Amino acid sequence: MLLPRKWYSAINVRRSRRRYDKSKPIEPVKVEKLHTVCADFRPFSGVRVEFFPEPPDDIFANAFWFYSMIKNAPAFFAFIGDTSDDHMQEKMGYTGEGIILEATALGLGTCWVALSYRSKSAMSMMKLSATEKLIAVSPVGYATDVITFEEKAITGFGANHKRNPLSTMVSGLEQAQWPPWVRYAVEAARLSPSAINRQPWNFRIEKDSITVSVKSPGMEFNVSKRLDCGIAMLHLELGVVNQGVQGEWELLKQPDVARFTIK
Ligand SMILES: Cc1cc2nc3c(=O)[nH]c(=O)nc-3n(C[C@H](O)[C@H](O)[C@H](O)COP(=O)(O)O)c2cc1C
């Protein structure tokens, strides 16, 4: 499946939403589209996203962190990965973010949740094979039109949505020598969501390629930084494709994650 252009536009619109409008169910035609994109967007083996058109109230009930209080969502996504695959985390981030951006393009709110949700409760609603694990979930639905004071407080009054300057995350070729596609790629990648907004990525620029790597390897809050880097991979590629340039990914070993080389 070619990456749709509407996903690139959705990058600027998407933000994590944690309050949903009970009075606005997702229309059947959009429910169908969400099922379809989950079935069709499977660029890698070993990972999948499932859409559940039922309220995830139990999954987010009594969450022990104020940060993750999600209310009134009518449906959710489950991000499922095969733990026997060494590249599962980055594949999961890439694939999952495609589904998130499709939902965004449909006018729906989402929020990656990998830290504080009731995973046992979520897993009781799905079938996993012996090697599969639930990596994260996301509510999906119409978010409230107005971002309430409560939701603003959860996001540190916008601080959790802020991104570091580009200069702190790029290395390699001097910016003055970048071809135009590089700027679009890294600007789109910079806007990627990450757990607790940690932005754990570095982008090494060469003439024909960009290598994504983890700044300081390891887990933090029990969530792999390679998952965040996978999300950045999709954003990066959307930035490149938007410039009419094509390329392909090569998955790499720690601390590198993957290299995108243009054709
Ligand atoms: C892998 C991942 C895990 C996340 N886990 C949680 C979570 O457990 N609870 C939560 O409320 N938000 C979670 N978030 C949302 C981030 O806090 C949010 O993406 C980040 O602060 C950037 O804000 P933005 O998405 O509005 O741009 C997660 C995001 C990612 C990418």
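Report on the accompanying structure. (Residues numbered from 1 in each chain as written. Predicted model: local features only at pLDDT ≥ 70, side-chain atom pairs only at ≥ 80, totals over all residues.)

The next point concerns the nonpolar core. The biggest cluster of nonpolar side chains holds 69 residues, and the ones touching the most others in it are Phe77, Phe79, Val137, Ala185, Val212 and Leu236. The greatest single-element share of this core, amounting to 10 residues, is contributed by helix α8 (residues 225-242). Taken domain by domain, this core gets at least three of its residues from each of domain 1 (5-154) and domain 2 (163-262). Beyond its immediate chain neighbours, meaning those up to four positions away, Phe77 contacts Val49, Glu50, Phe51, Ile99, Val137, Ser138 and Val140. (Core = buried A, V, L, I, M, F, W, Y, C linked by C-beta atoms within 7 Å. Buried ≥ 20, exposed ≤ 12 C-beta atoms within 10 Å, placed from the backbone. Helix = DSSP H or I, 4+ residues; strand = E, 2+ residues; numbered from the N terminus. Domains from an automatic or database assignment. Contact = placed C-beta atoms within 7 Å.)

Tracing the chain through its elements places Glu102 in helix α4 (residues 88-105). As for Glu102 and Leu251, which are separated by 149 residues in sequence, their C-alpha atoms are 24 Å apart.

Our focus in this paragraph is the sheet that holds strand β2 (residues 75-82). Within the open sheet, the four strands sit side by side as β1-β2-β4-β3. Their pairing is antiparallel. This sheet does not close on itself; its edge strands, each paired only once, are β1 (47-52) and β3 (109-110). Inspection of the sheet shows β3 paired to strand β4 (residues 132-141) by two bridges, in the antiparallel sense. Pairing of Thr110 across the sheet is with Val140, part of β4. (Pairing = 2+ DSSP bridges.)

This next bit is on unusual backbone geometry. Residue Pro255 is bonded to the preceding Gln254 through a cis peptide linkage, with omega at -5 degrees. Here Pro255 lies in the loop between β10 (247-251) and β11 (256-262). With a phi close to 70 degrees, Asn72 is a non-glycine residue in the positive phi region. Position of Asn72 among the secondary structure elements: in the loop between α3 (57-60) and β2. The phi angle at Gln199 is positive, at roughly 45 degrees, despite the residue not being glycine. A count of 21 C-beta atoms within 10 Å places Gln199 in the buried class.

For the ligand, the set of nearby residues contains 22 residues, the closest of which are Ser16, Trp112, Leu115, Pro193 and Asn197. Per-element tally for the shell around the ligand: the top contributor is α8, with three residues. Among the residues making up the shell around the ligand, the classes are represented as 13 nonpolar, seven polar and two charged. (Near = placed C-beta within 6 Å. Nonpolar A, V, L, I, M, F, W, Y, C, P; charged D, E, K, R; others polar.)

With that out of the way, let us pick up the sheet that holds β11. Hydrogen bonds between backbone atoms are what pair the strands of a sheet, whose relative direction is either parallel or antiparallel. Taken in spatial order, the five strands of this open sheet run β5-β6-β7-β11-β10, and their pairing is mixed. Only two strands of the sheet have a single neighbouring strand rather than two, namely β5 (170-172) and β10. Neighbour to neighbour, the strand axes of the sheet diverge by 25 degrees on average, direction disregarded. Both strand β6 (residues 201-205) and strand β7 (residues 209-214) contribute to a ladder of five bridges, which runs antiparallel. Along β7, the bridge assignment pairs Phe203 with Val212. (Axes fitted to C-alpha atoms, helices over the stretch in contact; angles between N-to-C directions.)

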